[in-house]
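# Structural overview
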There are 2 protein chains.
Amino acid sequence: MTKKRGKLYILSGPSGAGKSTVISHVIKNRDDLSFSVSATTRQPREGETEGTDYCFITHEEFKKMISDGEFLEYAEYVGSLYGTPREPVIKSLNSGRSIVLDIETQGARQVIKSMPEAITIFLLPPSLTELEQRLRYRNLDSEEKIVRRMETAKRELQEASNYDYIVINADKETAAYEIDSIITAEKCKTENRTEFINK
Amino acid sequence: MTKKRGKLYILSGPSGAGKSTVISHVIKNRDDLSFSVSATTRQPREGETEGTDYCFITHEEFKKMISDGEFLEYAEYVGSLYGTPREPVIKSLNSGRSIVLDIETQGARQVIKSMPEAITIFLLPPSLTELEQRLRYRNLDSEEKIVRRMETAKRELQEASNYDYIVINADKETAAYEIDSIITAEKCKTENRTEFINK
């Protein structure tokens, strides 16, 4: 019997929507889902761990990975480079384990082009006002960067309607429950149960 | 603002798959979902309550409801008549509350014809052997009726692949969690979030 392939999930949403908090909640409670660790040229934030949150690399290392074709997607985002290393994603899917990519909309479009079976989820803040408050509250960015993040967010929100699912992060438990539900429901879709029916 | 319409769920599956147990688990924990009480000409089983599990009516009453066009669907199943009264379903959907119909595959086809937006879930026993054991264990049916139920079950299983989702009832908590997930995921589908995006 051939092993069933894992599913590829793409989670996008503006900076400050709470993607990493929510997705770590979801992964904690599932043994069938991994998180794809992105490579980035941006500086680590307080509390971020190398290899768990991101692989922090230099601009030169990033450029080399691009020219070696090691990225499934990469993009510049608010002044830094972010990329998804291809190999761990393919390994995970082939081993039957689903994987979730936390990537912005530009990278998502690249992935969907090569893997159209990807299931896409957009995480929205409850409102733009709330998003701006969160960005200020976390106190990570200069005023100039907050303004850029808000402009990027408004552009990204236009793309939410191209995603399969939209989850609104009013509170992180509910948002995590909704993403968990999406993953469970996708497994229950009839096209994913053919092995059982044939049996 | 116009009120959002509820969603129509159809749950089918062979006798003994555990539909009523599982669905009552799901409904207990959701305030956005009702259960459509079917009318039937079969005798109440021990523990079944009139108006909650079924509306138990006579053959004559059933025939009158048919001729008055009061059924969304009706069908004969293992020697008795079962039908879904139209009015409570339409009322629930118009009030924004989703509703689930526990109906067999023949009735499901009738409903889908008039309401193709219905979301269909097939509940499967883990195996036919297990199903037969459950039917014997619940001790409700004569040997002859068990044989008929098993024949009907085998016919119905062929139709599982026409449903949107398949849930396998190996244990009722997991099956209830999966159906709950399907209902939550359907609400997160982008086409059901348009109001929020426009805002």
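In this text the structure is predicted, and so the values were computed from the model without any measurement.

Procedures and definitions
- Residues numbered from 1 in each chain as written.
- Chains lettered and ligands numbered in written order.
- Predicted model: local features only at pLDDT ≥ 70, side-chain atom pairs only at ≥ 80, totals over all residues.
- Heavy atoms only, no water.
- Buried < 20%, exposed > 50% of the residue type's maximum accessible area, 1.4 Å probe, protein only.
- Helix = DSSP H or I, 4+ residues; strand = E, 2+ residues; numbered from the N terminus.
- Arc of directions from axis to C-beta.
- Contact = heavy atoms within 4.5 Å.
- Salt bridge = Lys/Arg side-chain N within 4 Å of Asp/Glu carboxyl O.
- Polar contact = N/O pair within 3.5 Å; in protein donor to acceptor, adjacent residues only side chain to side chain.
- Least-squares fit on C-alpha atoms with pLDDT ≥ 70 in both.
- Phe/Tyr/Trp six-rings, centres within 6.5 Å; stacked < 30°, edge-to-face > 60°.
- Pairing = 2+ DSSP bridges.
- Axes fitted to C-alpha atoms, helices over the stretch in contact; angles between N-to-C directions.

Residue and element names in this part refer to chain A. Inspection of helix 5 (residues 128–138) places Leu-131, Arg-134 and Leu-135 among the buried residues, and these make up the whole buried set. Within helix 5, the buried residues cover an arc of 100° as seen down the axis, which keeps them to one side. For helix 5, the exposed residues set more than 90 degrees away from the buried face come down to Thr-129 and Tyr-137. Against the buried residues of helix 5 lie helix 6 (143–157). In the segment just after helix 5, Asn-139 is the residue with positive phi, at about 60°.

Turning to the interface of chain A and chain B, a few remarks are in order. Chain A puts 25 residues into the contact, and the matching count from chain B is 25 residues. The tally of links between chain A and chain B comes to 2 salt bridges. Glu178(B) serves as the salt-bridge partner of Arg193(A), at 3.2 Å between the closest nitrogen and oxygen. Between the two partners, chain A and chain B, sit 16 residue pairs in polar contact (both at pLDDT 80 or more). For the side of chain A that touches chain B, the secondary-structure elements that each account for two or more residues are strand 9 (165–168), helix 7 (172–188) and helix 8 (194–198) of chain A. Broken down by element, the side of chain A that touches chain B gets its largest block of residues, 8 residues, from helix 7 of chain A.

In this structure, two copies of a chain are linked by a rotation about an axis accompanied by a shift along it. The two copies are related by a screw motion: chain A maps onto chain B through a turn of 180° and a shift of 0.0 Å along the axis, at an RMSD of 0.0 Å. Put plainly, the chains are arranged around a two-fold axis. By C-alpha distance to the rotation axis, the residue of chain A lying nearest is Ser181(A), at 2.0 Å. Interface residue correspondence from chain A to chain B reaches 100%, placing this contact among same-surface, isologous pairings.

Another aspect to go through is the packing of aromatic side chains. Residue and element names in this part refer to chain A. Going through the model one piece at a time under the given rule, you end up with 14 aromatic pairs over all chains. Seen in terms of ring centroids, Tyr-54 and Phe-56 are 5.8 Å apart; in terms of plane orientation they differ by 50°. Their pairing is tilted. A ring pair is formed by Tyr-77 and Tyr-82, whose centres lie 6.2 Å apart and whose planes are at 80°; its orientation type is edge-to-face. One exposure class covers both Tyr-77 and Tyr-82, and it is buried. Clustering of aromatic rings is evident, with ring pairs tying together Tyr-54, Phe-56, Tyr-77 and Tyr-82.

Its place among the elements puts Arg138(A) in helix 5. On the basis of relative accessibility, which here comes to 29%, the residue Arg138(A) falls in the partly exposed class.

Before going further, it helps to examine the pattern of salt bridges. Tallying each qualifying case throughout the model produces 30 salt bridges over all chains. The partner of Glu48(B) in a salt bridge is Arg42(B), with the nearest N and O atoms 2.9 Å apart. Using a relative accessible area of 10% as the deciding quantity, one classes Arg42(B) as buried. Between Arg149(B) and Asp141(B) there is a salt bridge whose closest N-O contact spans 2.9 Å. Each member of the pair, Arg149(B) as well as Asp141(B), is classed as buried. The structure contains a network of salt bridges with shared partners spanning Arg30(A), Asp32(A), Asp180(A) and Lys187(A).

Residue and element names in this part refer to chain B. For Thr-41, the position within the fold is in the loop between strand 3 (38–40) and strand 4 (54–56). At 2.9 Å, the side chain of Thr-41 forms a polar contact with the backbone nitrogen of Leu-81. The residues contacting Thr-41, other than those within four sequence positions of it, are Ile-57, Thr-58, His-59, Phe-62, Ser-80 and Leu-81.

What follows is about the pairing of strand 5 (residues 71–77) of chain B. The buried fraction of strand 5 of chain B amounts to 5 of the 7 residues, a majority that puts the element mostly inside the structure. Remark: 2 residues form the turn of the hairpin made by strand 5 of chain B and strand 6 (residues 80–85) of chain B, two consecutive strands paired antiparallel; Val78(B) in that turn has positive phi of roughly 45°.

Residue and element names in this part refer to chain A. Strand order in this open sheet of 5 strands is 2-7-1-8-9, and the pairing throughout is parallel. Each having just a single partner strand, strand 2 (33–35) and strand 9 make up the two edges of the open sheet. Looking at each pair of strands side by side, their axes are set apart by 25° on average, direction ignored. Relative to strand 8 (residues 119–124), strand 1 (residues 8–12) runs parallel, the two being bridged by 4 bridges. When the bridges of strand 8 are listed, Ile-10 appears paired with Thr-120. Of the strands in this sheet, strand 1, strand 2, strand 8 and strand 9 are in contact with helix 7, which crosses strand 9 at around 160°.

Next up on the list: the environment of Ile23(B). Residue and element names in this part refer to chain B. Residue position: Ile-23 is located in helix 1 (residues 19–28). A sequence separation of 79 residues divides Ile-23 from Asp-102, and the C-alpha atoms of the two residues are 8.5 Å apart. The contacts of Ile-23, once residues within four sequence positions are left out, are Leu-11, Phe-35, Val-100 and Ile-179.

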